[in-house]
Amino acid sequence: MQTAFFWITWGVLSWWLLSHFYFTFSKKKLLQLRYLTLGFDVSVLALGFFPWLPAVRGSITGWQLVARGEAFSVWFFVLLVCCVGLLLTNNRVLSKLAVGLGMGLSVWMFVMMVRLVPGSFVLALKDIAPIVAALLLLSGNVTGLLLWQQLDLKK
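A short tour of the structure in this document, coming up. Keep in mind it's a predicted model, so treat the numbers as computed, not measured. (Residues numbered from 1 in each chain as written. Predicted model: local features only at pLDDT ≥ 70, side-chain atom pairs only at ≥ 80, totals over all residues. Heavy atoms only, no water.)

### Some words on empty space enclosed by the protein
Enumeration over the complete set of coordinates arrives at one cavity of 30 Å³ or more. Mapped onto the lining of the largest cavity, the elements with two or more residues apiece are α2 (27–47), α5 (92–116) and α6 (129–154). The element contributing the most residues to the lining of the largest cavity is α6, with four residues. Here the lining of the largest cavity is built from residues that sort into four nonpolar, five polar and one charged. (1 Å grid on protein atoms, 1.4 Å probe; cavity = no way out; pocket = protein on both sides within 12 Å on 5 of 7 lines; lining within 4 Å. Points joined across faces, edges and corners; volume = space filled by probe spheres on them. Helix = DSSP H or I, 4+ residues; strand = E, 2+ residues; numbered from the N terminus. Nonpolar A, V, L, I, M, F, W, Y, C, P; charged D, E, K, R; others polar.)

Below, the structure is given as structure tokens:
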């Protein structure tokens with residue numbers, strides 16, 4: 001039953017997104033997608049204040065990892081800030097660069113977390129910040145690709 005509910009919801013959501021954002025250009029849609037993608041990236045930055053390592057590893061936040069000089073984390077957050085900055089511009093090429101950078105950051109996030117937490121552990125509610133961040137980055141990729149398509153329709 002849960003599987004059927006998931007696929008029905010996924011199908012309806014996909015149909016709605018594609019019918020509203022994919023086929024026709026609209027300046028309003030372009031701005032909505034830009035703000036939505038920007039919102040996902042800023043939310044990931046905000047999740048840096050929550051624990052990214054489990055309690056068994058010390059409950060270290062994303063920003064504490066950056067302060068400690070963990071190379072993967074430093075590059076992740078620097079590139080994420082660059083992605084946000086590029087999305088704030090109205091330049092078509094820089095917006096596409098931000099979308100591409102966001103897709104790269106999604107992969108980087110998984111590599112970073114596998115490197116930081118190489119084993120398995122019991123997941124507690126307070127340990128889900130990196131999982132939510134990964135889901136937000138993947139959602140940002142979807143809106144980013146729709147934004148890319150809107151930018152191409154504008155041209």
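### Points about a nonpolar patch on the surface
Taken together, the side chains of Phe110, Phe121, Leu123, Ile131, Leu135 and Leu138 make up a nonpolar region of the molecular surface, amounting to roughly 540 Å² of accessible area. Top contributing element to the nonpolar patch by residue count: α6, with three residues. Relative to the helices and strands, Leu135 is located in helix α6. On the basis of relative accessible area, Leu135 is assigned to the exposed category, the value being 51%. (Patch = residues over 30% accessible without salt bridge, like charges linked within 9 Å, V, L, I, M, F, W, Y side chains within 5 Å. Areas by Shrake-Rupley, 256 points an atom, 1.4 Å probe, with all protein chains shown as cover. Salt bridge = Lys/Arg side-chain N within 4 Å of Asp/Glu carboxyl O. Buried < 20%, exposed > 50% of the residue type's maximum accessible area, 1.4 Å probe, protein only.)

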